[in-house]
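Listed here are the chains, written in short residue letters.
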Amino acid sequence: MTTVIMRTTARAVVPIIFVVAASLFIEGHNLPGGGFIAGVLTTTAFAIIYLTFGLDFLERAVLGRDVDPGKEPARDRVVVAYHRLFAFGLTVAVGSGLVPLLFGRPFLTQTFVELEGVPIYHHLEIASALAFDFGVYCVVVGGLLTILSVVGAE
């Protein structure tokens with residue numbers, strides 16, 4: 001049973017954590033940050049949600065699934081979703097490293113594209129490292145949330 005203070009604090013803090021994680025993820029290929037630290041922060045936000053509202057809330061509100069007492073436990077369905085996220089992230093990270101090999105370049109060679117006339121930014125560089133960071137992000141979130149869900153159920 002959580003308190004009103006904890007629920008109110010979670011509602012205020014979790015969106016801030018998600019915004020900081022997104023900022024660190026986007027700026028990670030040019031500045032400190034990236035997929036790993038953004039994944040850790042995202043996992044922290046999910047852990048706060050899990051501790052405050054419980055796993056059934058995570059199942060209903062975040063994953064958009066109905067919680068049915070007659071079905072398999074919510075923990076099992078959530079862990080399967082986290083495993084899939086982990087596998088997807090690993091595929092993206094390895095795939096982003098293998099793509100340069102198709103062009104005769106070394107593994108994990110980075111390149112970038114410059115976009116001109118982008119609204120708000122005007123000039124934007126998108127690096128191929130962003131795909132690798134996204135893969136790392138998914139691996140970290142999937143792995144850490146799997147650990148938290150399994151250990152939290154014990």
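Residues numbered from 1 in each chain as written. Predicted model: local features only at pLDDT ≥ 70, side-chain atom pairs only at ≥ 80, totals over all residues. Heavy atoms only, no water.

- By the naming in an unreviewed UniProt entry, the protein chain goes by Sodium:proton antiporter and is assigned to Natronorubrum aibiense.
- Comment text from UniProt for the protein chain, heading Subcellular location (unreviewed entry), reads "Cell membrane". (UniProt positions renumbered as here; feature names shortened; annotations may be inferred.)

1. A few points about the side chain of T146
Here comes step 1: Within the secondary structure, T146 sits in helix α5 (residues 129-153).
Here comes step 2: For T146, a relative accessible area of 12% translates into the label buried.
Here comes step 3: If near-sequence neighbours (up to four positions away) are discounted, T146 is found in contact with V79, Y82 and H83. (Helix = DSSP H or I, 4+ residues; strand = E, 2+ residues; numbered from the N terminus. Buried < 20%, exposed > 50% of the residue type's maximum accessible area, 1.4 Å probe, protein only. Contact = heavy atoms within 4.5 Å.)

2. Digging into unusual backbone geometry
With glycine set apart, most residues show a phi of negative sign, and most peptide bonds adopt trans.
Here comes step 1: Even without being glycine, L108 reaches a positive phi, approximately 65 degrees.
Here comes step 2: Inspection of the secondary structure puts L108 in the loop between α4 (74-102) and β1 (112-118).

3. Overview of the packing of helix α1 (residues 4-27) against helix α2 (residues 35-53)
Here comes step 1: The N-to-C vectors of α1 and α2 enclose an angle of 165 degrees; their axes lie 9 Å apart at closest approach. Considering the angle they form, α1 stands roughly antiparallel to α2. For the pair α1 and α2, the sense of crossing is left-handed. Here α1 contributes M6, R7, A10, R11, V13, V14, I17, F18, V20, A21, L24 and F25 to the contact with α2, which in turn contributes G35, I37, A38, L41, T42, A45, F46, I48, I49, L51, T52 and F53.
Here comes step 2: A breakdown of the residues in the contact of α1 with α2 according to their chemical character gives 19 nonpolar, three polar and two charged. (Axes fitted to C-alpha atoms, helices over the stretch in contact; angles between N-to-C directions. Parallel < 35°, antiparallel > 145°, perpendicular 65-115°, else oblique. Left-handed = near helix turned anticlockwise from the far one by under 90°. Nonpolar A, V, L, I, M, F, W, Y, C, P; charged D, E, K, R; others polar.)

4. Examining α1
Here comes step 1: The first and last C-alpha atoms of α1 sit 35 Å apart over 24 residues, in line with the 34 Å expected at 1.5 Å per residue.
Here comes step 2: A maximum bend of about 25 degrees is found in α1 at A10.
Here comes step 3: A10, V14, I17, A21 and F25 are the residues of α1 that are buried. (Expected span 1.5 Å × (residues − 1). Bend = angle between axes of the 7 residues up to and from the residue.)

5. Observations regarding a nonpolar patch on the surface
Here comes step 1: Where nonpolar side chains cluster on the molecular surface, the patch consists of F86, L90, V94, L98, L101, F107, L108 and F132 and spans about 680 Å² of accessible area.
Here comes step 2: Here the nonpolar patch takes five residues from α4, the largest share from any one element. (Patch = residues over 30% accessible without salt bridge, like charges linked within 9 Å, V, L, I, M, F, W, Y side chains within 5 Å. Areas by Shrake-Rupley, 256 points an atom, 1.4 Å probe, with all protein chains shown as cover. Salt bridge = Lys/Arg side-chain N within 4 Å of Asp/Glu carboxyl O.)

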